[in-house]
Amino acid sequence: MSDHDIEQRLRALASAPDDGADWEDVLRRADERHSVPRVLRRRLALAVAAALVVAGSVLGTVVAGGTRPVQKILTISTGPTAPVGPAPFLNFEPPNNTNPWGDNGRQITIDGLRADVPQIPLPNAPSANDGNAGAVWLWKDSASGRVVAASVYYPQAKMELVWSSVGLLYSYSGMKQRTVDGVRAILFSIAYEGSGPTGSPPPPDPLVGLSLPVGPSHAVALDGFVSESDLISIAHTLSPAPADVSPAGDLPPADPQPGPNVTRWDGLLADGVSVSSVGDAAGSLAFEPVVPSSLGDPTAIFETDPAHAPANDRVLSLRYDDASKGRFWLVERPSLSTTESQLSEIVRDCTRCRDWASILALNGDLAALKIASWDNSVRIVWVENGIYYEVTGPLSTFTEADALSVAEAVAAAG
Amino acid sequence: MPATVEAIEELYRSRYASYRGGVAALTGYDAARDVVQEAFAQALRDRRDFRGDGSLAAWVWRIAFRAALRGRAAGGGDVPLEEAFETATQHAAERDPELAEALKRLSPRRRLVVYLRYFADLPYAEIASLLDISEGTVAATLSQAHAELLEQLRDKEAAAP
C-alpha cells in the first residue's frame, strides 16, 4: 500500500453520497430567517398585485441596477391592445425616501416634477402635499427623453405615489373597484409578511394600494400603511385630477363595469382596434409581425389604436380558436428594453418565483419564460430579433404543452 | 459579482456531502446537516455580499465553518472534538472500517486537516486560511497524516491472519 492508495481510499471515503441533501429545506430556511427573501416575497406580492391591477397579457420586466440591491420590478404591462413598454409600478420596499429606480432614478424637487411632467396627479391633502413631500425620484429614458416613471414619498402620510406608463385592467379577482371622482380605480390590500432589511419587525397594518388610470396609457398608484379610507381621501385631492389628465386626448373609463373575475379571453382592452388582416396592421407597427401559417388563420386580429400610441408602443395581438388547443393568443410588440437575460433573471434571482415561473428552451436553444399565472392561464414569453412575443391562453383548454408547441412554431418562424 | 441562486444551488447539489463531511469533523455527523443547511440558507440570503474574489465554494465553506465553530462555542463546546470526530466517522466506518478506525487514532489536528482536505474538499490555501497556518504546514500535516495512516493500515495487514 502506498501513499497514493491512502489518498484514494480517503477520497472514496469522503465522496460517498449523502441522502441528507434537501435544497427545498435550504430555501425555506433562507425564506424564514431573513429579510431579503421576504422583501422579495413582498416585492412579488406587490408586483403580482400591481400586475393584477394592470394585468393584461404581456409580461414586462424592468431591471434597474444601482447602488442599492438590484431591483426588479415585475409587472404585467398592458394587454394586447394597450400601450406597453417599461412598466415599473410599485416600489417593493416599504415606502421611504430611497431611490426606487436604481441607476435610472435621479432625484428632483417636487416643483421640478410638476414642471417636467405636469400630467402627473399629485395630492393636496393635509398629510400629503407639495409642501411636505419627501424625496422625489424621476426615471427618464436617456435615449428618448421619455419619462418612464416617477415616485414621491410623503413621510407624514407614510405613503408613496408612483406614476408609470401602464394601463389598468379591472378583471382580476381580489381587487376592489372604487370610483374616485369619476375614475374607475382599483384598491388592494396586502399584509406585509417580512421584517425589514435590518430585521425590524413587520408593520402591523397591511399595505394598502390604490391605482387610478391617467389617460389611456398611464396609471398612478398610492400605497402605504394607511387605511383604505384615508388613501381614498388623499386620492380625492389629486391635482390635476386623473379624470382631467389625458395626454393622448382620451379619458379613462368613468363608468366602472363589474367585469368577470378572469382574464377576458375573447376581447381585451379598451383602446385596441380590430383589423382585417395582419398585413393591414403591419403598416402601422414598428416591427414586422411573425405569423406562422402552421397555426392556421387567426379568428381575430387587434392592434393598438395608432391614434393612441406611438409606433414603438403598439402591439399586435392575434386570437386563435383551434379545434384541439382551444382559444389562445399570440401577442407581439417591439422588445424595447426587455432582454432575454432579464427574463431569465426573474427566475435566477428570485427563489420563490420558481413556484410559478421557469425558464425553458424553445426549439432547444431560445430561452423563454413560462409563467403559470394567477389567472389560471399559461404564458410563454420570449424575445427574439427585437420582438417581444407572448403566447397565452386559459389552462382550462390551452395546456402548457399546447403553449410550448405554439411558442416553438412562432420561434421557428421568427 | 453577487452569487446567483442557481450557482449556490448547483454548489449545494454537487458538494453537499463534502460540506457535511467537513463540518462533521467539528460538530458530529448529525449536527452537521443542520449547520450545512443553515450555511447554504445564509449564503442565499447574503449572496449579494459575495464579491467573486475567491471561489463560491470557499465562501460558503467559511460560512459553514464559522457556524460550526459558533455552535461549538455557544454550546460550551458541548460536542467534544473527539466525539465529533467519532460521530463523523460512524457513517464512513461502514464503508471502510479499517481506514475509519485509523482516522480516529490520528491526532485531532491531523484529523481535522484530513477532513478539511478530503471531506470538505478544500484546497491547501483554504485550509491554511481557515486554520491560520501556512500552506506548507498544511502539506506537511497531510503528509504526516498519510504516513501515519499508512503505517497503521500496514500494521493491521501484518497482524491479519
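Quick caveat: nothing in here was measured; it's all calculated off a predicted structure.

Reading the values: the criteria
- Residues numbered from 1 in each chain as written.
- Chains lettered and ligands numbered in written order.
- Predicted model: local features only at pLDDT ≥ 70, side-chain atom pairs only at ≥ 80, totals over all residues.
- Helix = DSSP H or I, 4+ residues; strand = E, 2+ residues; numbered from the N terminus.
- Contact = placed C-beta atoms within 7 Å.
- pLDDT = per-residue confidence, 0-100.
- Core = buried A, V, L, I, M, F, W, Y, C linked by C-beta atoms within 7 Å.
- Buried ≥ 20, exposed ≤ 12 C-beta atoms within 10 Å, placed from the backbone.
- Pairing = 2+ DSSP bridges.
- Axes fitted to C-alpha atoms, helices over the stretch in contact; angles between N-to-C directions.
- Parallel < 35°, antiparallel > 145°, perpendicular 65-115°, else oblique.
- Nonpolar A, V, L, I, M, F, W, Y, C, P; charged D, E, K, R; others polar.
- Expected span 1.5 Å × (residues − 1).
- Arc of directions from axis to C-beta.

1. What to know about the overall build of chain B
Here's step 1: A tally of regular secondary structure across chain B gives eight helices and zero strands.
Here's step 2: Once local pairs closer than 6 in sequence are excluded, the contacts in chain B between residues at least 24 apart make up 71%.

2. Some details on the overall build of chain A
Here's step 1: Tallying secondary structure elements over chain A gives eight helices and 18 strands in all.
Here's step 2: Across chain A, contacts joining residues at least 24 apart in sequence account for 65% of those joining residues at least 6 apart.

3. Some remarks on the confidence of the model for chain B
Residue and element names in this part refer to chain B.
Here's step 1: On average, residues of chain B score 78 in pLDDT, and 83% of them reach the 70 mark or higher.
Here's step 2: The spread of mean pLDDT over the elements of chain B runs between helix H4 (residues 81-93), the lowest at 61, and helix H8 (residues 135-159), the highest at 86.
Here's step 3: This prediction of the complex comes with two scores: 0.39 for pTM and 0.77 for ipTM.

4. Here's the deal with the environment of Leu-131 of chain B
Here's step 1: By the secondary structure assignment, Leu-131 of chain B is in helix H7 (residues 124-131).
Here's step 2: It is 9.8 Å that separates the C-alpha atoms of Leu-131 of chain B and Arg-109 of chain B, two residues lying 22 residues apart in sequence.

5. Digging into the nonpolar core
Here's step 1: Val-23, Val-36, Phe-40, Val-60, Ala-64 and Val-114 of chain B are the most contacted members of the largest nonpolar core, which totals 53 residues.
Here's step 2: For Val-23 of chain B, the residues in contact, after removing those within four places along its chain, are Ala-32, Val-35, Val-36, Ala-64 and Ala-68 of chain B.
Here's step 3: The next biggest cluster of nonpolar side chains, apart from the first, holds 41 residues, and it includes Leu-122, Trp-139, Ala-150 and Tyr-154 of chain A.

6. Some thoughts on the pairing of strand S4 (residues 136-140) of chain A
Residue and element names in this part refer to chain A.
Here's step 1: Most of S4 sits inside the fold, with four of its five residues counted as buried.
Here's step 2: Of the strand pairs in this sheet, strand S3 (residues 105-108) and S4 are connected by four bridges, and their pairing is antiparallel. What sits directly across from Arg-106, in S4, is Leu-138.
Here's step 3: Pairing between S4 and strand S5 (residues 147-154): five bridges, direction antiparallel.

7. Focus on the confidence of the model for chain A
All names here are of chain A.
Here's step 1: Looking at chain A as a whole, the pLDDT averages 68, with 58% of positions reaching at least 70.
Here's step 2: Within chain A, the element-level pLDDT minimum falls on strand S1 (residues 58-64), averaging 25, and the maximum on helix H8 (residues 400-413), averaging 93.
Here's step 3: Note that residues 192-201 has pLDDT below 50 and, in this model, 25 contacts with residues that lie over four places away or in other chains.
Here's step 4: Counting interchain partners and residues more than four positions distant, the pLDDT-below-50 stretch residues 246-271 has 61 contacts.

8. Re the packing of helix H1 (residues 3-14) of chain A against helix H6 (residues 108-119) of chain B
Here's step 1: Orientation of H1 of chain A relative to H6 of chain B, taken along the N-to-C sense of each, is 70 degrees, at an axis distance of 9 Å. Here H1 of chain A is positioned roughly perpendicular relative to H6 of chain B, judged by the angle of their axes. Contact residues: H1 of chain A offers Leu-10, Arg-11 and Ala-14 of chain A, while H6 of chain B offers Val-114, Tyr-118 and Phe-119 of chain B.
Here's step 2: For the contact of H1 of chain A with H6 of chain B, the class distribution of residues is five nonpolar, no polar and one charged.

9. Describing H1 of chain A
Residues and elements named next belong to chain A.
Here's step 1: For H1, built from 12 residues, the straight-helix expectation of 16 Å at 1.5 Å per residue is met to within 8% by its first-to-last C-alpha distance of 17 Å.
Here's step 2: Along H1, the positions that sit buried rather than exposed are Ile-6, Leu-10 and Leu-13. For H1, the arc enclosing every buried residue in end-on projection is 60 degrees, short of the 170-degree limit, so these residues lie on one face. In this structure, H1 carries His-4 and Gln-8 as exposed residues pointing more than 90 degrees from its buried face.

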